[in-house]
Amino acid sequence: MRLDDQSLTETGLAPEGKGQVLLLACGALAREVLALIRANGWSHLDLHCLPANLHNHPEKIPDAVEAAIVAHRAAYQQVFVLYADCGTGGLLQARCAALGVEMLEGPHCYSFFEGNEMFAERSESEFTAFYLTDFLVRQFDAFVTKPLGLDRHPELREMYFGHYTKLVYQAQTDNPELTEKAKDCAAFLKLDFERRFTGYGDLEVALKTL
């Protein structure tokens, strides 16, 4: 079983197991889900991850999720999809409903990590905030700097981030190295910095119900 973040952007993660419930997740959640499984001794849960870089093409997420459900559901009593809407415009929810499969609630991971209710309350006053999770801090270059061309054309920073005022680091873990890297990300984008410890939020809540 690998937990190299870069590999998760390119391949799925499918630990072998004999659980009753399959968690079909975004690769960006692999560390967090496995940490929760281990901490709670949830041996009835198996994890299969789709590539995290599907978030660069959200229109592909519903088909990829459906293909994984069809491929694996016969071996399990239940499949639970660990994606929020994730930019699919409701299409993922509709696909899961048609397949009779439940999924995480919320518009995206920033919301369910903070707690969907809390995030909704803050959203009206934080519309100029740019959010990072533990995963995105680790993979900032792969998911932000390089895809946006900021490594080659730093002048594009103003085009992409000129309307933001602060970077909010939603920390799932208390990791000083990640905090320092998140500060560097904020400085690179010329944004104010705020660290907010969220833990696993509604992700943990959802897993406890399984």
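Before reading on, note that the structure itself is shown above.
Structure report, in brief. Owing to the predicted nature of the structure, the values given are computational and were not obtained by experimental measurement. (Residues numbered from 1 in each chain as written. Predicted model: local features only at pLDDT ≥ 70, side-chain atom pairs only at ≥ 80, totals over all residues. Heavy atoms only, no water.)

## A short note on the pairing of strand β2 (residues 45–50)
- Counting buried positions along β2 yields six of six residues, so the element is predominantly enclosed.
- Of the two faces of β2, the one lined by Leu45, Leu47 and Cys49 and the one lined by Asp46, His48 and Leu50 are each fully buried.
- Examined bridge by bridge, strand β1 (residues 21–26) and β2 share six bridges and lie parallel to one another. The partner of Leu23 across the bridge, within β2, is Leu47.
- One crossover worth recording links β1 to the parallel β2 by way of helix α2 (residues 30–40), and it is right-handed. (Buried < 20%, exposed > 50% of the residue type's maximum accessible area, 1.4 Å probe, protein only. Helix = DSSP H or I, 4+ residues; strand = E, 2+ residues; numbered from the N terminus. Pairing = 2+ DSSP bridges. Right-handed = clockwise from strand over helix to strand, strands pointing away.)

## Structural notes on helix α11 (residues 201–208)
- Listed in full, the buried residues belonging to α11 are Leu203, Ala206 and Leu207. Buried positions in α11, seen along its axis, are confined to an arc of 95 degrees and lie on one side of it.
- In this structure, the buried residues of α11 make contact with β1, α2, β3 (78–82) and α5 (109–114). (Arc of directions from axis to C-beta. Contact = heavy atoms within 4.5 Å.)

## Some thoughts on the layout of surface pockets
- For the largest pocket, the calculated volume is near 530 Å³.
- Lining the largest pocket we find 29 residues, and of these His55, Cys109, Tyr110, Leu136 and Phe143 sit closest to its centre.
- Put simply, the parts of the chain that give the lining of the largest pocket at least two residues each are α5, β5 (129–132), α7 (134–138) and α8 (140–145).
- With four residues, the top contributor of residues to the lining of the largest pocket is α5. (1 Å grid on protein atoms, 1.4 Å probe; cavity = no way out; pocket = protein on both sides within 12 Å on 5 of 7 lines; lining within 4 Å. Points joined across faces, edges and corners; volume = space filled by probe spheres on them.)

## As for the nonpolar core
- Counting 63 residues, the largest nonpolar core has Leu23, Val33, Val65, Val81, Leu82, Tyr83 and Leu167 as the members making the most contacts within it.
- At six residues, β1 tops the list of elements feeding residues into this core. (Core = buried A, V, L, I, M, F, W, Y, C linked by side-chain atoms within 4.5 Å.)

## Focus: the environment of Ala68
- Among the secondary structure elements, Ala68 is positioned in helix α3 (residues 61–72).
- Ala68 gets classed as buried once you look at its relative accessible area, which sits at 7%.
- Along the sequence, Ala68 and Glu105 sit 37 residues apart, while their C-alpha atoms lie 20 Å from each other.
- Once you skip the residues sitting within four places of it in the chain, Ala68 turns out to touch Leu24, His48 and Leu50.

## Digging into the pattern of salt bridges
- Evaluated as defined, the whole model comprises 13 salt bridges.
- One salt bridge in this structure joins Glu66 and Arg95, with 2.6 Å as the shortest N-O distance. One end of the pair, Glu66, is in helix α3; the other, Arg95, is in helix α4 (residues 91–99), with 29 residues separating them in the sequence.
- On the basis of relative accessible area, Glu66 is assigned to the partly exposed category, the value being 27%.
- When the shortest N-O distance is used, the salt bridge between Arg152 and Asp151 registers 3.3 Å.
- Among the residues examined, Asp151 registers a relative accessible area of 41% and is labelled partly exposed.
- Counted as one network, the salt bridges with shared partners bring together Glu114, Arg122, Glu126, Lys166, Glu194 and Arg196. (Salt bridge = Lys/Arg side-chain N within 4 Å of Asp/Glu carboxyl O.)

## Things to note about the packing of α2 against α11
- Closest axis-to-axis distance for the α2/α11 pair is 11 Å, and the angle between their directions is 45 degrees. With respect to α11, the element α2 is oriented oblique. Crossing of α2 against α11: the hand is right-handed. Of α11, the residues touching α2 (which contributes Glu32, Val33 and Leu36) are Leu203, Glu204 and Leu207.
- Of the residues assigned to the contact of α2 with α11, the class counts are four nonpolar, no polar and two charged. (Axes fitted to C-alpha atoms, helices over the stretch in contact; angles between N-to-C directions. Parallel < 35°, antiparallel > 145°, perpendicular 65-115°, else oblique. Left-handed = near helix turned anticlockwise from the far one by under 90°. Nonpolar A, V, L, I, M, F, W, Y, C, P; charged D, E, K, R; others polar.)

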